[in-house]
Amino acid sequence: MDKLTEVEKKVSDTLLLVKKRVTFSPKVALVLGSGLGCFADQLRIAEEIPYAELEGFPTSTVAGHAGKFIFGYLDDVPVACMKGRVHYYEGYSMNDVCLPVRVMARMGAKVLFLTNAAGGLNESFQAGDLMMIRDHVSIFVPNPLIGPNPESFGTRFSDMSQVYNLELQEILKNTARELEIPLREGVYTQLTGPSYESPAEIRLLRSLGTDAVGMSTVVEAIAANHAGMKICGISCISNLAAGMSGKPLNHKEVQEAADSAAKKFTALVAGAIKEMGRRDW
Ligand code: HPA
């Protein structure tokens, strides 16, 4: 057998550490973004593993991003949930940023549900809105697939023509309609952060068709798409982007808006995951 690449080895080593703690086959992998960790209270927990207890695993340094895996059930749907993620701006490599998603794929999760807090660029959005991600712009951050391509991960040149799965989008829209939760749709652009954007940058992003901007998600979607996962995503619009509201941005405001959207966010994610659990992927 060919020698494992460094990245393959790290994924395999982490998988072994997780398997020592829990026997669990997730159907859905869920990443809870800034201030959205409250959803985890819905799960009947089988095992929790703080990232800090997994040797070599990236741990978040940001307030409001408490980092742990929660493996649990929503009704009878097995969900691998990340409460908090790490970001490129913390100084981790893109491979480390994408490690958790690759581990959840190797555990058997076929569906990846990504969530984040984001700045809204679309003029019709308001703080507290939920936006289903239809597509993304990745060109402002390094591609996580740069480097040797382990065939065990996926193909060298991956197709990106439909990253956000249409059946999952239908589930999200139907669930939102049934629960009477307004659901926006749009394009999410990832920047590196950690500084927020300038008004000129926001004008540029809007001219590119961006509806929401943030510092995560897209690279995870690229790695998961490479791994053959079916992907969907929700942004919680925590603020209007720089220059749109006349107020400076701050992290506390981002967290407070996420808190205020928590109830509908939780209901939408729970309803959608239950429906995902009923289908074969
Ligand atoms: N810009 C970038 N990232 C963000 C924002 C924003 O306005 N709000 C929440 N995350």
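Residues numbered from 1 in each chain as written. Predicted model: local features only at pLDDT ≥ 70, side-chain atom pairs only at ≥ 80, totals over all residues. Heavy atoms only, no water.

Asker: It is not clear to me how the overall build of the chain should be interpreted in this structure. Could you clarify?
Answerer: Broken down by element type, the chain carries seven helices and nine strands. Since a compact globule built from 281 residues should have a radius of gyration of about 19 Å, the 18 Å found for the chain is in line with a globular shape. In terms of overall dimensions, the chain has C-alpha extents of about 55 × 40 × 35 Å along its principal axes. Put simply, the chain has 281 residues, and 53% of those count as buried. Partitioning the contacts of the chain with sequence separation of at least 6, the portion at a separation of at least 24 is 83%. When the accessible surface of the chain is split by element, carbon and sulfur atoms take 50% of a total near 12,400 Å². Of note, the chain has its 29 positive side-chain charges centred 2 Å away from the centre of its 32 negative side-chain charges. (Helix = DSSP H or I, 4+ residues; strand = E, 2+ residues; numbered from the N terminus. Rg over C-alpha atoms; globule rule 2.2 N^0.38 Å. Buried < 20%, exposed > 50% of the residue type's maximum accessible area, 1.4 Å probe, protein only. Contact = heavy atoms within 4.5 Å. Areas by Shrake-Rupley, 256 points an atom, 1.4 Å probe, with all protein chains shown as cover. Lys, Arg positive; Asp, Glu negative; His and termini not counted. Charge placed at Lys NZ, Arg CZ, Asp CG, Glu CD.)

Asker: Just to check I follow, could you spell out the pattern of salt bridges for this structure?
Answerer: A side chain with one charge may pair with a side chain of the opposite charge, provided their charged atoms come close. In this structure the tally under the stated criterion is 15 salt bridges. Between arginine 278 and glutamate 275 there is a salt bridge; the shortest N-O distance is 2.5 Å. Here glutamate 275 and arginine 278 lie together in helix 7 (residues 262-278), a separation of three residues that amounts to about one turn. A residue is classified by how much of its surface remains accessible, and arginine 278, at 61% relative accessible area, is exposed. Each of Arg134, Glu170, Lys173 and Glu185 takes part in salt bridges that share partners, so that together they form one network. (Salt bridge = Lys/Arg side-chain N within 4 Å of Asp/Glu carboxyl O.)

Asker: So what exactly am I meant to see when it comes to the site of the ligand here?
Answerer: Neighbouring the ligand are the residues Ala117, Ala118, Gly119, Tyr196, Glu197, Val213, Gly214, Met215, Ser238, Asn239, Leu249 and Val254. In this structure, glycine 119 approaches the ligand through a main-chain N or O atom, which is 3.3 Å from a nitrogen atom. Contacts to the ligand include glutamate 197, whose side-chain N or O atom sits 2.8 Å from a nitrogen atom. In isolation the ligand offers 260 Å² of accessible surface; the protein chains occlude 95% of this area. (Near = heavy atom within 4 Å. Polar contact = N/O pair within 3.5 Å; in protein donor to acceptor, adjacent residues only side chain to side chain.)

Asker: Whenever I open this one, the packing of aromatic side chains confuses me. Can you help?
Answerer: How two aromatic rings sit relative to each other is set out by the distance from centre to centre and by the angle between their planes. Scanning the model with the defined rule gives six aromatic pairs in all. Consider the rings of tyrosine 51 and phenylalanine 57, whose centres lie 5.0 Å apart with planes at 40°: the pair is tilted. Taking the centre distance of 5.5 Å and the plane angle of 55° together, the rings of phenylalanine 57 and phenylalanine 69 count as tilted. Residue phenylalanine 57 is found in the loop between strand 2 (44-50) and strand 3 (68-74), and its partner phenylalanine 69 is found in strand 3; the two are separated by twelve residues along the sequence. Both residues of the pair, phenylalanine 57 and phenylalanine 69, belong to the buried class. Joined through ring pairs, the aromatic side chains of Phe24, Tyr51, Phe57, Phe69, Phe71 and Tyr73 make up one cluster. (Phe/Tyr/Trp six-rings, centres within 6.5 Å; stacked < 30°, edge-to-face > 60°.)

Asker: Help me understand helix 6 (residues 251-260), please; the structure alone is not making it clear to me.
Answerer: Since the α-helix advances by 3.6 residues per turn, residues separated by three or four positions end up pointing in the same direction. Along helix 6, the positions that sit buried rather than exposed are Val254, Ala257 and Ala258. All buried residues of helix 6 lie within an arc of 100° about the axis, which places them on one face of the element. The outward face of helix 6, more than 90 degrees from its buried face, is lined by the exposed residues Lys252 and Ser260. Structurally, helix 6 contributes buried residues whose contacts are with strand 5 (111-120), strand 9 (230-240) and helix 7. (Arc of directions from axis to C-beta.)

That is the geometry; function is a separate question.
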